[in-house]
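Remarks on the overall topology
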Amino acid sequence: MSPSTITLLFLLFAVVMFVLEKIPLGVTSMIVCIGLVVTGVLDVKTAFAGFIDSNVILFVAMFIVGGALFETGMANKIGGIVTRFAKTERMLIVAIMVIVGFMSGVLSNTGTAAVLIPVVIGIAAKSGYKRSRLLMPLVFAAAMGGNLSLIGAPGNLIAQSALEEIGLKFGFFEYAIVGLPILLVGILFYATVGYKLLPNHDVKDDGAFDTQKDFSNVPAWKQWLSLIILVLTLLAMIFEDKIGIKLCISGGIGALLLILTGVISEKDALKSIDLKTIFLFGGTLSLASALQNTGAGEMIANKVIGALGDEPSPYILTLVVFLLCCILTNFMSNTATTALMVPICLSIAQGMGADPRAVLMACVIGGSCAYATPIGMPANTMVVGAGGYKFMDYVKAGFPLIIIATIVSMIILPIAFPFFP
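Read on for a plain summary of the structure. Just so it is clear, the model here is predicted, and its values are computed rather than measured.

**Structural notes on the overall build of the chain**
Counting secondary structure elements, the chain contains 22 helices and 0 strands. Counting only C-alpha atoms, the chain reaches 70 × 50 × 45 Å along its principal axes. When the 421 residues of the chain are sorted by exposure, 57% land in the buried category. Look at the contacts in the chain between residues 6 or more apart in sequence, and 79% of them connect residues 24 or more apart. Total accessible area computed for the chain in this model is approximately 16,900 Å², and 68% of it derives from carbon and sulfur atoms. Charged side chains of the chain number 24 positive and 23 negative; the gap between the two group centres comes to 11 Å.

**A word on the packing of aromatic side chains**
By the definition in use, this model includes 9 aromatic pairs. An angle of 65° between the planes, with centres 6.1 Å apart, marks the rings of F51 and F279 as edge-to-face. Here the residue F51 occupies a position in the loop between α3 (44–47) and α4 (54–71), and F279 occupies one in helix α15 (residues 275–293), the gap between them amounting to 228 residues. Relative to Y190, the ring of F140 has its centre 5.8 Å away and its plane inclined at 35°; by these criteria the two rings are tilted.

**Focus: the pattern of salt bridges**
Taken as a whole, this structure holds 5 salt bridges when the rule is applied. The salt bridge involving D202 is made with K130; its shortest N-O contact spans 3.3 Å. Of the two residues, D202 sits in the loop between α10 (176–191) and α11 (220–238) while K130 sits in the loop between α7 (109–127) and α8 (131–145), which places them 72 residues apart along the sequence. Residue D202 is classed as exposed on the basis of its relative accessible area of 65%. Accessibility expressed as a relative area gives 26% for K130, which makes it partly exposed. Taking the shortest distance from any N to any O, the salt bridge between R357 and D355 comes out at 4.0 Å.

**With respect to the environment of K126**
Its place among the elements puts K126 in helix α7. Its relative accessible area of 51% is what places K126 among the exposed residues.

**Concerning the nonpolar core**
With 141 residues, the main nonpolar core has L138, F140, F170 and L360 as its most contacted residues. L138 has contacts with I96, V100, A113, L116, I117 and V120, leaving out every residue within four places of it along the chain.

**Quick notes on α11**
Between its first and last C-alpha atoms α11 spans 27 Å; for 19 residues at 1.5 Å apiece the expected length is 27 Å, and the two agree. The set of residues buried in α11 consists of Q223, S226, L227, I229, L230, T233, L234, A236 and M237.

**Observations regarding α4**
Each α-helix turn comprises 3.6 residues. Residues three or four places apart therefore point the same way. The terminal C-alpha atoms of α4 lie 25 Å apart, and with 18 residues this matches the ideal 26 Å at 1.5 Å per residue to within 8%. Burial of α4 is extensive: 14 of the 18 residues sit out of reach of the surface. Two residues or fewer past α4, G73 is found with a positive phi of approximately 90°.

**Brief notes about the side chain of T329**
Position of T329 among the secondary structure elements: in helix α17 (residues 314–329). Contact partners of T329, with chain neighbours within four places excluded, come to N334, T337, G366, G367, C369, A370 and G376.

**Some remarks on the layout of surface pockets**
Rolling a probe over the atoms, with the probe sized like a water molecule, indicates the empty space that remains. Quantified by volume, the largest pocket comes out at close to 960 Å³. Together, 37 residues line the largest pocket, and S54, N55, P154, E240 and L247 are the ones closest to its centre. Breaking the lining of the largest pocket down by element, the ones donating at least two residues are α4, α7, α9 (154–164), α11, α12 (240–243), α13 (247–260), α15 and α18 (334–352). In terms of residue count, α15 provides more of the lining of the largest pocket than any other element does, 6 residues in total.

**Quick look at the packing of α8 against α10**
The geometry of α8 relative to α10 is characterised by a closest axis approach of 9 Å and an angle of 165° between their N-to-C directions. The angle between α8 and α10 places the two elements in the roughly antiparallel class. The element α8 and its partner α10 pack so that their crossing is right-handed. Only G179, I182, L183, G186 and Y190 of α10 make contact with α8, whose side of the interface consists of F140, A141, M144 and G145. Among the residues forming the contact of α8 with α10, the class breakdown is 6 nonpolar, 3 polar and no charged.

**Details of the side chain of S409**
Note on placement: S409 falls in helix α22 (residues 391–416). Of the residues examined, S409 reaches a relative accessible area of 0% and is grouped as buried. A distance of 2.7 Å separates a polar atom in the side chain of S409 from the backbone oxygen of A405. Residues in contact with S409, not counting those within four places in the same chain, are V178, I182, F322, I365 and P414.

The rules behind each value
- All chains use their own residue numbering, which begins from 1 and follows the written sequence.
- Selection of residues for local features in this predicted model requires a pLDDT of at least 70, selection of side-chain atom pairs for listing and counting requires 80 or more, and totals for whole chains, interfaces and linings are taken over all residues.
- The basis for the side-chain values is all heavy atoms of the structure; hydrogens and waters are excluded.
- Helix and strand assignments follow DSSP, with helices taken as H or I runs no shorter than four residues and strands as E runs no shorter than two, numbered in order from the N terminus.
- Buried residues are those whose accessible area, probed at 1.4 Å on protein chains only, stays under 20% of the maximum for their type, while exposed residues exceed 50% and partly exposed ones sit between those limits.
- Whether two residues touch is decided by their heavy atoms; if any such pair falls within 4.5 Å, the residues are in contact.
- All accessibility values rest on the Shrake-Rupley procedure with a 1.4 Å probe; residue burial counts only the protein chains present in the view.
- Residues counted as positive are Lys and Arg, residues counted as negative are Asp and Glu, and His and the chain ends are not counted.
- The atoms used to mark charge sites are NZ of Lys, CZ of Arg, CG of Asp and CD of Glu.
- Any pair of Phe, Tyr and Trp rings, taking the six-membered ring for Trp, is counted once the centres come within 6.5 Å. Such a pair is stacked with planes under 30 degrees apart, edge-to-face with planes over 60 apart, and tilted for the rest.
- A pairing counts as a salt bridge when a side-chain nitrogen of Lys or Arg comes within 4 Å of a carboxyl oxygen of Asp or Glu.
- Buried Ala, Val, Leu, Ile, Met, Phe, Trp, Tyr and Cys residues that are joined via side-chain atoms within 4.5 Å together make up what is termed a nonpolar core.
- Expected helix span is taken as 1.5 Å per residue step, with the number of steps being one fewer than the number of residues.
- Detection works on a 1 Å grid of protein atoms alone, calling trapped sets that fit a 1.4 Å probe cavities and calling open sets with protein on both sides within 12 Å along at least five of seven lines pockets, with lining residues defined by an atom within 4 Å of a point.
- Grid points are joined across faces, edges and corners, and a volume is the space filled by probe spheres set on the points.
- Only the contacting stretch of a helix is used when fitting its axis, a line to C-alpha atoms as for every element, and angles between N-to-C directions run 0 to 180 degrees.
- For this classification, under 35 degrees means roughly parallel, over 145 means roughly antiparallel, 65 to 115 means roughly perpendicular, and everything else is oblique.
- Two helices that cross are described as forming a left-handed crossing if the nearer one is turned anticlockwise from the farther one by less than a right angle, and a right-handed crossing if clockwise.
- In the scheme used here, Gly and all other residues not listed as nonpolar or charged are polar, with Ala, Val, Leu, Ile, Met, Phe, Trp, Tyr, Cys and Pro taken as nonpolar and Asp, Glu, Lys and Arg as charged.
- Counting of polar contacts relies on pairs of N or O atoms within 3.5 Å, with two restrictions inside protein: one atom must be capable of donating a hydrogen and the other of accepting it, and residues adjacent in sequence are counted only when both atoms are side-chain atoms.

Right under this line is the structure:
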């Protein structure tokens, strides 16, 4: 059997196991990761590279930075202020999505979600609302917000790099032409019809976030220092290019400062790290690597696009590119999906004599629609444990958002980015 066939079989296995959840998600990821090594598709170094991926380092660091905000009671204090203004659960969901969506436009969407997850858990504890109903809108807003600017998500910059090689580029806020309407319609959806689709779980605390803890004995300086270090970490992430320090390193510095100053103990810092997230994300990155390295991902893309014939309609091609990226991004990382599809889309556009910006915009926006699985983007994975989510929770609440994003994009893309201007 060829490596690409083996990879496609592992992809099928992962999809089925993620849907059925007969075994834990993290265990499924590790079976795939180790299976790809045993079958010779990947070497050990490539298969386990996901565990030292910068996003995993960022996860660990921000679990600690966020955990300190929670352990000191500062998250609950902030939550109390927010809940004073948001009188109902719907208002709270809208407030969270607006804040996260616009922050993600100028920050890393993963970093924004990582910082605000413990704050929202604090809000849930303070308000009495179920965290499972608040965390999913948070990560969806982070994904949608990533399409507001050039720096909102890694995929945006991948497309920009490809365009620059042929003398073209997107403006800093050009993604927002499509991204902002999707965000606004998405917020409106979860404030109305989608509100009923949000998971309604009673989550038993596993110790990572103790919502019943008495914070009255925590010194005020610890509470404020946890917030100050979080804000400074966030600022370092905003000005990543200016200061030349990567997101994961800024997060790591923040986490170390919190431990060294005694704001959070080493024991509590380690307790705040969600290992389920690490195994799930690190393991599935091996599948993304195999899809790229064996050409299996490219094979899927070429088969779909090839089925359209020699001279496909530009509108149909835009829709197919968009939907293909939507599907791939829910089972690969959104960054890997964009990296895989950008060169394919670029060659299709050039072959047709079409504007590459039109095809790549469809590719990037479609590649960000990772709403229907817990593995499509890092932020989705981060809340699996905290929200007590199952695979089908994402399908039920997130799939309608993919339909909404597709409809909005298909209306705006041909007008704002015509194939043959």
